[in-house]
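Tertiary structure, described
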Amino acid sequence: MLNKFERSGGEAVVQYLDSNLRVVKPGAYVRCAVTGAEIPLDELKYWSVEHQEPYASPEAVMMRITGQAAPRK
């Protein structure tokens, strides 16, 4: 489980496990593998153990599964 002492500024490096995460390099956020959005570690809810990548939302998960591109802003 994450705690406040494991966070620092910048991007974290995380190992994604079945029901938890292991912080390899402390940081404040990870980037969504589909959208590139910053996801604060304490708000991260979606990831793939198989692909070892985080997702910002259920929609991003579906985009990865179906192979759809993220919408352009």
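Residues numbered from 1 in each chain as written. Predicted model: local features only at pLDDT ≥ 70, side-chain atom pairs only at ≥ 80, totals over all residues. Heavy atoms only, no water.

1. Details of the environment of E38
- Residue position: E38 is located in strand β4 (residues 38-40).
- Along the chain, E38 and Y55 lie 17 residues apart, while their C-alpha atoms are 9.6 Å from each other.
- Every residue in contact with E38, bar those within four places of it in the chain, is listed here: Y29, V30 and R31.
- Among the polar contacts listed, one links the side chain of E38 to the side chain of R31, at a separation of 3.4 Å. (Helix = DSSP H or I, 4+ residues; strand = E, 2+ residues; numbered from the N terminus. Contact = heavy atoms within 4.5 Å. Polar contact = N/O pair within 3.5 Å; in protein donor to acceptor, adjacent residues only side chain to side chain.)

2. Comments concerning the packing of aromatic side chains
- Scanning the model with the defined rule gives one aromatic pair in all.
- Summarising the aromatic geometry, the rings of Y16 and W47 are spaced 6.2 Å apart at their centres and angled 35° between planes, so their arrangement reads as tilted. Of this pair, Y16 sits in strand β1 (residues 13-16) while W47 sits in strand β5 (residues 46-48), placing them 31 residues apart in sequence.
- When its relative accessible area of 4% is taken as the criterion, Y16 is described as buried. (Phe/Tyr/Trp six-rings, centres within 6.5 Å; stacked < 30°, edge-to-face > 60°. Buried < 20%, exposed > 50% of the residue type's maximum accessible area, 1.4 Å probe, protein only.)

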